[in-house]
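# Survey of secondary and tertiary structure
Chain residues, written in single-letter form:
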Amino acid sequence: MEGEGEILHIEARPADGERDLTLDKATGLIDGETFKSLPEPYRVARYGASKNQLAITFDDGPDPEWTPKILDVLKRERCPEHSF
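Note that residues are indexed from 1 along each chain, following the sequence as it is written. At least 70 in pLDDT is required for a residue's local features to be given in this predicted model, at least 80 for side-chain atom pairs to be given and counted, and no such filter applies to totals for whole chains, interfaces and linings, which use all residues. Hydrogens and waters are ignored; side-chain quantities use all the structure's heavy atoms.

Helix and strand labels come from DSSP, where a helix needs a run of H or I of at least four residues and a strand needs a run of E of at least two; each type is numbered from the N terminus. Helix and strand counts for the protein chain stand at one helix and five strands. The linear arrangement of helices and strands in the protein chain, starting from the amino end, is β-β-β-β-β-α. Only C-alpha atoms enter the radius of gyration, while the globule expectation follows 2.2 Å times N to the 0.38, with N the number of residues. Radius of gyration (C-alpha) of the protein chain: 25 Å, far over the 12 Å computed for a compact globule of 84 residues. For the protein chain, the spread of C-alpha atoms along the principal axes amounts to about 80 × 30 × 15 Å. A simple rule labels every residue: compare its accessible area, found with a 1.4 Å probe on the protein chains alone, to the largest value its type can have, and call it buried under 20%, exposed over 50%, or partly exposed in between. Residues classed as buried in the protein chain amount to 6% of the 84 residues present. Residue contacts follow a heavy-atom distance rule, with two residues in contact if any of their heavy atoms lie within 4.5 Å. For the protein chain, the proportion of contacts with a sequence separation of at least 24, taken over those separated by at least 6, is 54%. The Shrake-Rupley method, run with a 1.4 Å probe sphere, supplies the accessible areas, and residue values consider only the shown protein chains as cover. Accessible surface, the protein chain as shown: approximately 7900 Å² in total, 52% of it carbon and sulfur. None of His or the chain ends enter the tally, which takes Lys and Arg as positive and Asp and Glu as negative. The atoms used to mark charge sites are NZ of Lys, CZ of Arg, CG of Asp and CD of Glu. Averaging the coordinates of the 11 positive side-chain charges in the protein chain and doing the same for the 18 negative ones gives two points 5 Å apart.

Following this line, the structure appears as structure tokens:
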């Protein structure tokens, strides 16, 4: 991962590598390899680092049962309303 914060963004998805193998004609065993490209992992960036802020996201919401309860707790605790 690169960066700081709780918001994640996938910047690159995995990619297969590619290689060529050469075989020993007498034994049939691999006697060499050349990498055309190396495999690549996910590359994930982190954003939103802040000492004084918190981001809450509801990817599956709003939920009729739980969203109102969560909002009630945030209001009770005097959480600033930026985008409730």
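Past the structure itself, the notes keep going.
The next point concerns the pattern of salt bridges. Basic side-chain nitrogens of Lys or Arg form a salt bridge, by our definition, when they fall within 4 Å of a carboxyl oxygen of Asp or Glu. With the rule as written, the count across this model stands at six salt bridges. Measuring nitrogen to oxygen at the nearest pair gives 3.2 Å for the salt bridge that ties Arg-76 to Glu-77. Residue Arg-76 is classed as exposed on the basis of its relative accessible area of 57%. Look at the salt bridges and you will find they share partners, linking Glu-18, Asp-20 and Lys-36 into a network.

For the rest of this paragraph, the subject is the pairing of strand E3 (residues 18-23). Pairing between E3 and strand E4 (residues 30-37): six bridges, direction antiparallel. Opposite Arg-19, over in E4, you have Phe-35 as the bridge partner. Pairing between strands is defined by DSSP: at least two bridges between them are needed. In textbook terms, the turn of a hairpin is the stretch between consecutive antiparallel strands, and for E3 and E4 this stretch comprises six residues, one of which, Gly-28, has a positive phi near 80 degrees.

This part is about the packing of aromatic side chains. Classification of ring pairs uses Phe, Tyr and Trp, with its six-membered ring standing for Trp, and accepts pairs whose centres are within 6.5 Å; under 30 degrees between planes counts as stacked, over 60 as edge-to-face, and the remaining range as tilted. Scanning all chains against the criterion turns up zero aromatic pairs. Think of it as a cone above the ring: NZ of Lys or CZ of Arg counts as a charge over the ring if it is within 6 Å of the ring centre and within 35 degrees of the ring normal. Directly above the ring of Trp-66 sits Lys-69, whose terminal nitrogen or CZ lies 4.6 Å from the centroid.

Attention now moves to the sheet that holds strand E1 (residues 2-3). Reading across the sheet, the three strands line up as E1-E5-E2 and stay open at both edges, with mixed pairing between neighbours. Each edge of the sheet is formed by a strand with only one pairing partner; in this case those strands are E1 and strand E2 (7-12). Strand direction decides the pairing type here: E1 and strand E5 (residues 43-47), joined by two bridges, are parallel. Bridging from a neighbouring strand, Gly-3 pairs with Arg-46 of E5.

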